[in-house]
Amino acid sequence: MNVTVCQSCGMPLTTPAQFGTEADGSTTREYCIYCYKEGKFEQPGMSLEGMTEMCTAILKDEGMDEESARSMLRNQLPFLKRWRTNTTDQHAESLTETSTASANPGQVTTDHSFSAQPVRYVTLPGKRLAGVSARTTNAIEISGKGCIQGLWNNYFASEHLPAPEVVRYGCYTDYTDGITGEYTILVGHEVSPNESLPEGLDDILLPPATYAIFTSRKGPMAEVVGEAWGAVWAWDKQSDRTFTGDFELYDERSLNPESVQVDIYIAVRQSR
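What counts, and at which threshold
- The residue count restarts for each chain, going from 1 along the sequence in the order it is written.
- Local features in this predicted model are restricted to residues of pLDDT 70 or higher, and side-chain atom pairs are both shown and tallied only at a pLDDT of 80 or more, whereas totals for entire chains, interfaces and linings draw on every residue.
- Hydrogens and waters are ignored; side-chain quantities use all the structure's heavy atoms.
- Only Phe, Tyr and Trp rings are paired, with Trp represented by its six-membered ring, and only when their centres lie within 6.5 Å; those with planes under 30 degrees apart are stacked, over 60 edge-to-face, the remainder tilted.
- Only runs of H or I of at least four residues qualify as helices and only runs of E of at least two qualify as strands under DSSP, and these elements are numbered from the N terminus.
- Accessible area is worked out with a 1.4 Å probe on protein chains only. A residue is then buried under 20% of its type maximum, exposed over 50%, and partly exposed in between.
- In this scheme, Lys NZ or Arg CZ marks a charge over a ring once it lies within 6 Å of the ring centre and within 35 degrees of the ring normal.
- What counts as a salt bridge is simple: a side-chain nitrogen of Lys or Arg found within 4 Å of a carboxyl oxygen of Asp or Glu.
- Helix axes are fitted to C-alpha atoms over the stretch in contact, other axes to C-alpha atoms as well, and angles between N-to-C directions run from 0 to 180 degrees.
- An angle counts as roughly parallel when it lies under 35 degrees, as roughly antiparallel when it exceeds 145, as roughly perpendicular when it falls between 65 and 115, and as oblique in every other case.
- Crossings are classed by handedness, with left-handed meaning an anticlockwise turn of the near helix from the far one by less than a right angle and right-handed meaning a clockwise turn.
- We call two residues in contact whenever any of their non-hydrogen atoms come within 4.5 Å of each other.
- Each residue is assigned to one class: nonpolar for Ala, Val, Leu, Ile, Met, Phe, Trp, Tyr, Cys and Pro, charged for Asp, Glu, Lys and Arg, and polar for all the others, Gly among them.
- Take the buried Ala, Val, Leu, Ile, Met, Phe, Trp, Tyr and Cys residues and link them wherever side-chain atoms come within 4.5 Å; each set so joined is a nonpolar core.

Draft legend 1. Layout of the packing of aromatic side chains. Under the criterion given, the structure shown has 16 aromatic pairs. Between Tyr172 and Tyr183, the ring centres sit 5.6 Å apart and the planes meet at 65°, which makes this aromatic pair edge-to-face. Taken as a pair, Tyr172 in strand 9 (residues 168–173) and Tyr183 in strand 10 (residues 183–191) lie far apart in primary sequence, 11 residues in all. For the pair shown, Tyr172 and Tyr183 are each scored as buried. Taking the relative accessible area as the measure of exposure, Tyr183 reaches 3% and is therefore buried. Among the aromatic residues, those joined into a cluster by ring pairs are Tyr172, Tyr175, Tyr183, Trp229, Trp233 and Phe243. Seen from the ring of Phe41, Arg82 lies directly overhead, with NZ or CZ sitting 3.9 Å from the centre.

Draft legend 2. Representation of the pattern of salt bridges. By the definition in use, this model includes 15 salt bridges. When the shortest N-O distance is used, the salt bridge between Glu66 and Lys60 registers 3.2 Å. The exposure class of Glu66 is partly exposed, given its relative accessible area of 30%. Since its relative accessible area comes to 46%, Lys60 is described here as partly exposed. In this structure, Arg70 and Glu67 form a salt bridge, with 2.9 Å as the shortest nitrogen-oxygen distance. Residue Arg70 and its partner Glu67 are located together in helix 2 (residues 66–76), separated by 3 residues, close to a single helical turn. If you follow the salt bridges from partner to partner, you end up with Glu53, Lys60, Glu66, Glu67 and Arg70 in one network.

Draft legend 3. Layout of the packing of helix 1 (residues 48–61) against helix 2. Where helix 1 contacts helix 2, the axes come no closer than 9 Å and their chain directions differ by 140°. Judged by the angle between their axes, helix 1 and helix 2 are oblique. Crossing handedness for the pair helix 1 and helix 2: right-handed. Note on element contacts: helix 2 touches helix 1 through Glu66, Ala69, Arg70, Met72, Leu73 and Arg74, opposite Glu49, Thr52, Glu53, Cys55, Thr56, Leu59 and Lys60. Residue composition of the contact of helix 1 with helix 2, by class: 5 nonpolar, 2 polar and 6 charged.

Draft legend 4. Broad picture of the nonpolar core. Counting 53 residues, the largest nonpolar core has Met51, Phe214 and Trp229 as its most contacted members. Mapped onto this core, the elements with two or more residues apiece are strand 4 (27–32), helix 1, helix 2, helix 5 (148–156), strand 10, strand 12 (209–215), helix 6 (221–234) and strand 14 (263–268). Of all the elements, helix 6 adds the most residues to this core, at 8 residues. Other than its neighbours up to four places away in sequence, Phe214 contacts Ala116, Gln117, Pro118, Ala231, Val232, Trp235, Val262, Asp263, Ile264 and Ile266. Leu129, Ile204, Phe247 and Leu249 belong to the second-largest nonpolar core, a separate cluster that totals 13 residues.

Next up, the structure:
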């Protein structure tokens, strides 16, 4: 898959007709044609907040819940190339201040440590994960009609859970069209290759792979996971992704839902 996103508005760029153009008429995969044409931005005075509101309105017209759209865009847009230079640190600080200001007395304060780039690369052997699964798309999940939260609820309601300290996974695999198409989401834990599974649990086999690891800041789960995925979607090396299977890893840092830190493993090509 060689899908990138516009580094101004975040729109997935899947066909050449969507690519912006340079002054000499050549195309660029950095920006879409709606944001960038003939070597310049179509709306050069646009602010980050203005882009957020404009894209929120577009997504709302396409049927997405307004608050879900705005939340997604506020997580993603600050990490795009057009806005990243002067806004990423401010965005992280703003998110932290908002979280702290709205916290209940005694709630754990979030920290500022969050990188918009992978913190490291690692090559891992294949693994087998077992849990509950479903097919979905990013568009469905963002619309507020998704299944992922329900899967987590069903998983933790299961009678066949390992000990609380065992690492949990949110795994994304069987992609049909990169970030724009369907994929399978499985919520579960690692099991041995030959282990028999109780009725009601599904499994997936992840192949050996090299991963780029994004690590979230600490904070409420609903905030930090979405923010970290925003950085993944805005990453300027989307063409490195293989889509053989990506996963969120929840370990001992995730036991307190108000102070979660999660790693996101993105499968990439091994030539590094």
